[in-house]
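Breakdown of the fold
Spelled out, the chains give:
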Amino acid sequence: MKLLLVGCEYSGTTTLALAINDWAQKELGSGFRLIHDHFKLPDTQYRHQANETLPHGSELTEEEILNWQALSPRMLEVIQRHNLYYHSPSESSSKGGNQMIIGLHIDDAVYGPLYYNYGHPGVAGDRTVIGKHIELNFMKFAPDTVMLHVKASPDVIRRRMNESPHKYPVVQEKDVEHVLHRFDEEVFNSLLQTIQLDTSTNTVEEVVEEFADKIQPLLSLEDRIAMWTHRNDAKGV
């Protein structure tokens, strides 16, 4: 199973990713070894199945965070462009196994121009152009990838923002409607098959149930075999 979760910060992408990982372990017999959740600068950490950070090296120090934030737009653009292509599917990286990424080129297309001053239309590093390159790689090497657009209402986003603020937040309260609109635009123009999930009022369990229902017709043959095998193994067949 190959999933790409996208949505405004505080919509619940990370929470839902971890819950879907639990669902995959139960239904397919194996979850996602790594959840690539590091496209909201400067949060560059991975997640593992136990809902903790899995650093590639130690977690960034406060000094390193400040150094990262002090980088010029040109340097940030180059680093993120390499980051995007590194996590883009290739012939060798997309063979078998469950894969989950949060944000990737959709996050970068929304947040790059708005908060980091790179990726604007018509200039070097235009994220609209790069985003299509990334999606063409998905279509060529991982065509069974499903994008989950995780949504929440502006009021819910602002409430979560105030009740449980992130250590290094990206979205500013004044920009919530604009950011939600930009995600709608990027998802609408995407080449990938997409499922919409709204976390505004439903519980995490209810959203996972909705995901499980909507993903069924989009499952790859490999996923269907894994699900069938795991269910029969559980029954002792």
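Here the structure is shown first, and the text comes after it.
Because the structure is predicted, anything quoted here is derived from the model rather than measured. (Residues numbered from 1 in each chain as written. Predicted model: local features only at pLDDT ≥ 70, side-chain atom pairs only at ≥ 80, totals over all residues. Heavy atoms only, no water.)

Glancing now at the pattern of salt bridges. Enumeration according to the criterion identifies 16 salt bridges in this entry. Residues Glu62 and Lys167 are paired through a salt bridge, measuring 3.3 Å at the closest nitrogen-oxygen approach. In this pair, Glu62 sits in helix α2 (residues 62-69) while Lys167 sits in the loop between α6 (154-163) and α7 (176-188), placing the two residues 105 residues apart along the sequence. A relative accessible area of 45% means that Glu62 is categorised as partly exposed. Classification of Lys167 as exposed rests on a relative accessible area of 60%. Put simply, Arg127 and Asp108 hold a salt bridge, and the shortest N to O gap is 2.5 Å. One end of the pair, Arg127, is in helix α5 (residues 127-141); the other, Asp108, is in helix α4 (residues 104-116), with 19 residues separating them in the sequence. Take Arg127: its relative accessible area is 2%, and that puts it in the buried class. Salt bridges sharing common partners tie together Glu77, Arg81, Asp108 and Arg127. (Salt bridge = Lys/Arg side-chain N within 4 Å of Asp/Glu carboxyl O. Helix = DSSP H or I, 4+ residues; strand = E, 2+ residues; numbered from the N terminus. Buried < 20%, exposed > 50% of the residue type's maximum accessible area, 1.4 Å probe, protein only.)

Overall, the coordinates contain 4 aromatic pairs when judged by the stated rule. Ring plane angle 35 degrees and centroid distance 6.3 Å describe the contact between Tyr111 and Tyr115, whose orientation is recorded as tilted. Residue Tyr111 and its partner Tyr115 are both found in helix α4; the two are separated by 4 residues, about one turn of the helix. Note on accessibility: Tyr111 and Tyr115 belong to one class, buried. An angle of 20 degrees between the planes, with centres 6.1 Å apart, marks the rings of Tyr116 and Tyr118 as stacked. Judged by its relative accessible area of 3%, Tyr118 falls in the buried class. Taken together, the ring pairs in this structure connect Tyr111, Tyr115 and Phe183 into an aromatic cluster. (Phe/Tyr/Trp six-rings, centres within 6.5 Å; stacked < 30°, edge-to-face > 60°.)

Position of Glu77 relative to the elements: it lies in helix α3 (residues 73-86). A polar side-chain atom of Glu77 sits 2.7 Å from a polar atom in the side chain of Arg81. Among all residues touching Glu77, those that are not within four sequence positions of it are Tyr118, Gly125, Arg127 and Ile130. (Polar contact = N/O pair within 3.5 Å; in protein donor to acceptor, adjacent residues only side chain to side chain. Contact = heavy atoms within 4.5 Å.)

Taken by themselves, the reported measurements are silent on function.
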